[in-house]
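Next come the chains, spelled out residue by residue.
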Amino acid sequence: MIWVEAVSYEDLAVNTGRTIRYQGEEVALFKMKSGKLTAIQNRCPHKAGVLAEGIVCDEHVFCPMHDRRIHLSTGLVQAPDTGCVQTYSTKVHDGTVFIGFPVGKELAC
Ligand code: FES
């Protein structure tokens with residue numbers, strides 16, 4: 001895994017997605033109400049809606065295009081719809097958020 005510097009933790013608004021790009025990958029980074037960070041693939045598996053622009057409610061983000069609901073920690077699309085998005089590890093060091101990008105493996109979704 002490669003840790004990539006993304007943004008200042010303090011600069012992230014609660015429940016508002018931020019798009020992070022790294023070598024062709026696009027990640028939606030969220031700071032939840034609890035302060036926990038989650039990072040998921042930024043494109044909805046349905047028709048590539050931009051998930052960083054979705055509405056966050058509790059542990060889920062609603063895709064802005066057709067309202068599918070995706071769990072922010074597992075990346076699973078919630079029933080009655082199906083599918084999933086890649087999830088990414090996050091960490092904070094000295095006030096800076098880092099996202100862990102997998103190396104040398106296929107994406108899980
Ligand atoms: S593109 Fe996300 S629900 Fe259709």
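Computed from a predicted structure; not experimentally measured. (Residues numbered from 1 in each chain as written. Predicted model: local features only at pLDDT ≥ 70, side-chain atom pairs only at ≥ 80, totals over all residues.)

(A) Representation of unusual backbone geometry in the model. The omega torsion across Ala-79 and Pro-80 is 10°, close enough to zero to call that bond cis. Examined against the element boundaries, Pro-80 turns out to sit in the loop between strand 7 (69-71) and strand 8 (87-93). The backbone of Gln-23 shows a phi angle near 45°, a positive value even though the residue is not glycine. Phi at Ala-48 takes a positive value of approximately 65°, unusual for a residue other than glycine. Position of Ala-48 relative to the elements: it lies in the loop between strand 4 (37-41) and strand 5 (55-57). Ala-48 sits in the exposed class, given 11 other C-beta atoms within 10 Å. (Helix = DSSP H or I, 4+ residues; strand = E, 2+ residues; numbered from the N terminus. Buried ≥ 20, exposed ≤ 12 C-beta atoms within 10 Å, placed from the backbone.)

(B) Broad picture of the sheet that holds strand 5. Taken in spatial order, the three strands of this open sheet run 5-6-7, and their pairing is antiparallel. Two strands close off the open sheet at either side, each with one partner strand: strand 5 and strand 7. In this sheet, adjacent strand axes meet at a mean angle of 30° when their direction is disregarded. Where strand 6 (residues 60-62) meets strand 7, three bridges bridge the pair, whose relative direction is antiparallel. Across the sheet, the residue bridging to Phe-62 is Arg-69, located in strand 7. (Pairing = 2+ DSSP bridges. Axes fitted to C-alpha atoms, helices over the stretch in contact; angles between N-to-C directions.)

(C) Region of interest: the UniProt feature "domain: Rieske" (unreviewed entry) in the chain. The UniProt record annotates "domain: Rieske" (unreviewed entry) at residues 4-99. Taken as a whole, residues 4-99 contains 0% helix and 44% strand, while its terminal C-alpha atoms sit 5 Å from one another. (UniProt positions renumbered as here; feature names shortened; annotations may be inferred.)

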